[in-house]
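Structural description and commentary
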Amino acid sequence: MQRRPLLLGALAAPFAVHDASAQAARTLRVIPQANLTSLDPIWTTAVVTRNHGFLVYDTLTAEDSQGRVQPQMLEGWQVSEDRRTWRFTLREGLKFHDNQPVRSADCIASIKRWAQRETFGQIAGGAVEEWRALDDRRFEAKLKRPFPLLALALGRGQGPAFILPERLATTDAATQVRDATGSGPFRFLADQWSPGARAVWAKFDGYVPRQEAPDGLAGGKVARVDRVDWTVISDAATAAGAMANGEQDYWEYAVHDLLPLLRRSREAVVEQRLIHGTYGCLRFNHLHAPFNNPKVRQAVAMAVDQRDYLRAVAGEDPRGWGVMEGVFPAGGPLATDAGADILKVRSVERARAALRESGYNGERVVLITPSDYPQINALGLVTHDLLRRMGMNVELVASDWGTLVQRRASREPVERGGWSIFHTTASGDALALPPVHLFLRANGANAWFGWPDDPAIEADRLAFLDAETEAEQQAIARRLNGQAMRTLPYVPLGYYWQPTALNRRVTGAFRVPATVFWNIGKTA
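Figured I'd write up the structure that's included with this text. (Residues numbered from 1 in each chain as written. Predicted model: local features only at pLDDT ≥ 70, side-chain atom pairs only at ≥ 80, totals over all residues. Heavy atoms only, no water.)

Quick notes on the pattern of salt bridges
Where side chains of opposite charge bring their charged atoms close, a pairing between them can arise. For the structure on display, the rule yields 32 salt bridges. Across the pair R87 and E140 runs a salt bridge, and its minimum N-O distance is 2.9 Å. Here R87 is found in strand β5 (residues 85–90), whereas its partner E140 is found in strand β7 (residues 138–143), with 53 residues between them in sequence. A residue is classified by how much of its surface remains accessible, and R87, at 34% relative accessible area, is partly exposed. Judged by relative accessible area, E140 falls into the buried class, the value being 1%. Across the salt bridge formed by R311 and E316, the nearest N and O atoms sit 3.4 Å from each other. (Salt bridge = Lys/Arg side-chain N within 4 Å of Asp/Glu carboxyl O. Helix = DSSP H or I, 4+ residues; strand = E, 2+ residues; numbered from the N terminus. Buried < 20%, exposed > 50% of the residue type's maximum accessible area, 1.4 Å probe, protein only.)

Dropping the structure here:
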């Protein structure tokens, strides 16, 4: 009997095309805001790693869209009458991606590691006398003193206590965990990870979501696609073209200059998915010259005009950005410009004179900036120009964001691979309260990268926890703002609104304080 290979091939082709089309409909193709180089959201505060964390890990509690704390992995918790014992109960059916059950021991080990590094976690950890497992689903915290914000600290959107298996959570907090086994709605596919190019996650069929509708970072985390596929596209024009042509589904941080192109496209829509504004930060290295000298830091602050930075990132239209000459978010209950006269100077000439008087002796300044992260790179380029015009000996070192994240952890002087200045951003809710304000932490060796040491700031951060009235809180905020403007752990650069571009076939993209991918699907 004569075979018919051509007929069989013709029959097979439509099925292959259909299968590829179905696979594409089940895959969310994402252009992330930066390159993923670290898998450990406790070791680094890089937003791209935190976003990875929300894919693979779960949290005990979570903030909803109104900032209220809700149970997530927990059924709930009880607080004793004297407010010094908290008892937590895990939901049934929780398991890790290796199919091992989530136990109290895993939670305790994860919390202890988180409390060594995360800003609010350090404060929460200092209030706890002992964590104790009661059984595999119940555990408790014995406190040294009442700490009513414990539930918030554990599930805060910008630095939650992600839960790892105990075998990983016992890793030293200064060492990166490289095994991304979690209990979240997606599994990380390590064999498909190519830093600088691609990262892939697959739906975890063993995940049991809560029954509530998603609300902020709380509620049911339902994986509505089989795969989330990140493709790093460092060139903004190429990224915009991929969105306009329907080659990608989601551009996390669409560049403002290219929004008109995206809005004209039949394939893309532009949304303000993030609830909070994005705040810029010019961060000094306080360990080494020249920025271990507060007078040099003050000279730089005198040259800063936030409007120049914000235009560089978000364009000329002031509806897309705003000046905030203080350390707390604009429009929030603690917003103040008390003591911030230095940020209203806005004069390179006066800054140059102040620099001469500071004792600056031509020390080399290494400004590190991410060439693949347009928004943060724009901040760095503005500062580079300012420092040169002030008369500083400045060297601009460009790298990818992942390399910058690794380098900023170095405490070495610039001669041995260290750094002097870098820039970053944070969501407004990450800066809303003194205890959680990452950039404001000034506890020396335990502070965030840059390691400022200011006991007055630290004293008022802790005092805020005991403030009983709004008036007391605002008085502390004014003191903190004034002190921060004197010692300058960082220079605030104002805020802008960061839009997201989506393919028109994408569904379920609800408003969030941080980029998450649960509940998002695609129409065929």
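Considerations on the sheet that holds strand β6 (residues 128–133)
As summarised here, the arrangement of the four strands in space is β4-β5-β7-β6, forming an open sheet in which the pairing is antiparallel. Edge positions in the open sheet fall to β4 (74–79) and β6, since each of these has one partner strand only. Across the sheet, the mean angle from the axis of one strand to that of its neighbour is 15 degrees, orientation sign disregarded. The pairing of β4 with β5 spans five bridges and is antiparallel. Bridge pairing links L74 to L90 in β5. (Pairing = 2+ DSSP bridges. Axes fitted to C-alpha atoms, helices over the stretch in contact; angles between N-to-C directions.)

Side note on the side chain of H423
One can find H423 in strand β17 (residues 421–427). Using a relative accessible area of 1% as the deciding quantity, one classes H423 as buried.

A closer look at the nonpolar core
Within the largest apolar cluster, 119 residues are counted, with the highest numbers of intra-cluster contacts made by W201, W230, M390 and M392. Here this core takes seven residues from helix α12 (residues 374–390), the largest share from any one element. In contact with W230, not counting residues within four places along its chain, are V30, P32, L36, V48, N51, H52, L55, A197, R198, A199, W201 and F517. In terms of nonpolar packing, the next biggest core, distinct from the first, is built from 33 residues, L60, L94, F96 and V128 among them. (Core = buried A, V, L, I, M, F, W, Y, C linked by side-chain atoms within 4.5 Å. Contact = heavy atoms within 4.5 Å.)

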